[in-house]
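# Notes for the structure review
One letter stands for each residue in the lines below.
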Amino acid sequence: MMGNVKTMTVYLDVIFLFNFLIDAAVLQTTAWSRKLRVKKRKIFFGALIGAVYVVMLFFPPLSFLFTVLVKCLVSLLMIFVSFGFGSLQHFLRNILAFYFVNFVVAGGIFAVHYLWQSNSEILNGIWMIESGYPVQTGLLTIAVSLALMIWFFRQQW
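Notes on the structure follow. (Residues numbered from 1 in each chain as written. Predicted model: local features only at pLDDT ≥ 70, side-chain atom pairs only at ≥ 80, totals over all residues. Heavy atoms only, no water.)

## A short note on the packing of aromatic side chains
Where we set the bar: Stacked, tilted and edge-to-face are the three classes applied to pairs of Phe, Tyr and Trp rings, where Trp contributes its six-membered ring and a pair requires centres within 6.5 Å; stacked means planes under 30 degrees apart, edge-to-face means over 60, and tilted covers the rest. Secondary structure is summarised from DSSP: a helix means a run of H or I of at least four residues, a strand means a run of E of at least two, and numbering begins at the N terminus for each. Exposure is judged per residue with a 1.4 Å probe applied to protein chains only, and the accessible area is read against the type maximum: over 50% gives exposed, under 20% gives buried, and values in between give partly exposed.
A full pass over the atoms with the stated rule returns seven aromatic pairs. Between Y53 and F66, the ring centres sit 5.1 Å apart and the planes meet at 45°, which makes this aromatic pair tilted. Note that Y53 is positioned in helix α2 (residues 40-55) and F66 in the loop between α2 and α3 (68-83), a separation of 13 residues in sequence. Neither residue differs from the other here; Y53 and F66 are each classed as buried. Here the aromatic cluster, defined as three or more aromatic residues joined through ring pairs, consists of F16, F20, F44 and F45.

This is the structure we're talking about:
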């Protein structure tokens, strides 16, 4: 007898769409911060690459693709597709801006999530996380936090 086995339903379409929107927002904010005029279809295809890559997480035979090197190569491909190459200096500046926007937005989302936690989830200053799930955050929390962080980034830039 299996006992209390928990099952989890994963909706790949929701994960795909949500990651596509996040990637598109980050790429658009990167273009804005670099004052680049980019066609929407280029942002679309760059975000599409990122969203497809995230969905591949759910296929164990493709687990070899989830190394730091491949993740970096995928992000470089996203930047190349969205902004082109131009010159090495142009490409490197786009890479730095893209990662800067990503870290600011992700850090902001993490901070908002952390601030909304109840005291029962923080024990002696250590963030307690349910075993098996790295961080439990609702889509609404992430969406609102993402919008807030991008707005804040743009205001401060």
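## Section: a nonpolar patch on the surface
Inclusion rule: Two distance rules govern patches: like charges are joined within 9 Å, and nonpolar side chains (Val, Leu, Ile, Met, Phe, Trp, Tyr) within 5 Å, applied only to residues with over 30% relative accessible area and no salt bridge. Every accessible area reported is derived by Shrake-Rupley at a probe size of 1.4 Å, with residue values counting cover from the shown protein chains alone. By definition here, a salt bridge exists when the distance from a side-chain nitrogen of Lys or Arg to a carboxyl oxygen of Asp or Glu is within 4 Å.
A grouping of L77, F80, F85, L88 and L92 is seen on the molecular surface, where their side chains present a nonpolar patch of about 460 Å² in accessible area. Contributing elements (two or more residues each) for the nonpolar patch: α3 and α4 (88-115). Tracing the backbone through its elements, the reader meets F80 in helix α3. Residue classification places F80 among the partly exposed positions, given a relative accessible area of 43%.

## So, unusual backbone geometry
Positive phi, normally seen in glycine, also occurs at K35, with a value near 55°. Here K35 is to be found in the loop between α1 (12-33) and α2. Of the residues examined, K35 reaches a relative accessible area of 70% and is grouped as exposed.

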